[in-house]
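# Examining the three-dimensional arrangement
This is what each chain is made of:
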Amino acid sequence: MSPGYKEIVDRATRLQLPATTVGTRIRQKRTERNLTQVELARQIGIQQSDLSRMEKGEYRVSLDVLFKLLQAFEVSLGEFFGDLGSAGLTPHESELLESFRVLPPEAQQEVLDFAAFKRQRWERGAE
């Protein structure tokens, strides 16, 4: 697994994407390829009922199954998740995130520490 995949998996894990969102993406990719649930489930080695529950968001998708799905769909992790990780960000939040990502780790930690400080003060009503 390349470092890019690990970074995306870590980010997706931190964001805790809803199972329904991931399931919707699975259904979308499956139907784009004209696959039935039975066909896809057989291809990735799981039960059709499990795939159905994943698509409905009733079942979380393990990393093992996720990577099998990526292989079946012939897409990268980034292509599969697309903009799910940044969905719903305001322009200010997007700007902040872009600026944060280019900083070295030490500077990122300083930003996180400052944000935690500001949040604590705000929650206490000090600001």
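## Examining the environment of glutamate 32
Along the chain, glutamate 32 turns up in helix α2 (residues 19-32). Accessibility expressed as a relative area gives 46% for glutamate 32, which makes it partly exposed. Separated by 41 residues in the primary sequence, glutamate 32 and phenylalanine 73 have C-alpha atoms spaced 9.4 Å apart. Engagement of the side chain of glutamate 32 in a polar contact is seen with the side chain of arginine 33, the distance being 3.3 Å.

## A word on the packing of aromatic side chains
For the structure on display, the rule yields two aromatic pairs. Arranged with centres 6.5 Å apart and planes meeting at 10°, the rings of phenylalanine 73 and phenylalanine 80 form a pair that is stacked. Exposure remark for phenylalanine 80: the relative accessible area of 0% places this residue in the buried category. Ring geometry for phenylalanine 114 and phenylalanine 117: centres 6.5 Å apart, planes at 35°, overall tilted. Here phenylalanine 117 and phenylalanine 114 lie together in helix α8 (residues 105-123), a separation of three residues that amounts to about one turn.

## Some remarks on the pattern of salt bridges
When their charged atoms lie close together, side chains carrying opposite charge are able to pair. Applying the stated criterion across every chain, the model contains six salt bridges. The partner of glutamate 55 in a salt bridge is arginine 30, and the shortest N-O contact between them spans 2.6 Å. With a gap of 25 residues between them, glutamate 55 in helix α4 (residues 48-56) and arginine 30 in helix α2 connect regions that are remote in the sequence. For arginine 30, a relative accessible area of 9% corresponds to the buried category.

## Topic: α8
Taking 1.5 Å per residue, 19 residues should reach 27 Å; α8 reaches 27 Å between its end C-alpha atoms and fits that length. Following α8 by one or two positions, glycine 125 adopts a phi angle in the positive range, close to 80°.

## Some words on the nonpolar core
Buried together is how nonpolar side chains tend to be arranged in soluble globular proteins. One finds Ile26, Leu40, Ile44, Ile46, Leu69, Phe73 and Phe80 to be the most contacted residues of the largest nonpolar core, which totals 19 residues. Broken down by secondary-structure element, the contributors of at least two residues to this core are α2, α3 (37-44), α4, α5 (63-73) and α6 (77-81). Tallying contributions element by element places α5 first for this core, with six residues. With near-sequence residues (within four places) excluded, leucine 69 lies in contact with Ile26, Leu40, Ile44 and Val61.

What counts and how
Residues numbered from 1 in each chain as written. Predicted model: local features only at pLDDT ≥ 70, side-chain atom pairs only at ≥ 80, totals over all residues. Heavy atoms only, no water. Helix = DSSP H or I, 4+ residues; strand = E, 2+ residues; numbered from the N terminus. Buried < 20%, exposed > 50% of the residue type's maximum accessible area, 1.4 Å probe, protein only. Polar contact = N/O pair within 3.5 Å; in protein donor to acceptor, adjacent residues only side chain to side chain. Phe/Tyr/Trp six-rings, centres within 6.5 Å; stacked < 30°, edge-to-face > 60°. Salt bridge = Lys/Arg side-chain N within 4 Å of Asp/Glu carboxyl O. Expected span 1.5 Å × (residues − 1). Core = buried A, V, L, I, M, F, W, Y, C linked by side-chain atoms within 4.5 Å. Contact = heavy atoms within 4.5 Å.

Interpretation in functional terms is not warranted from these geometric data alone.
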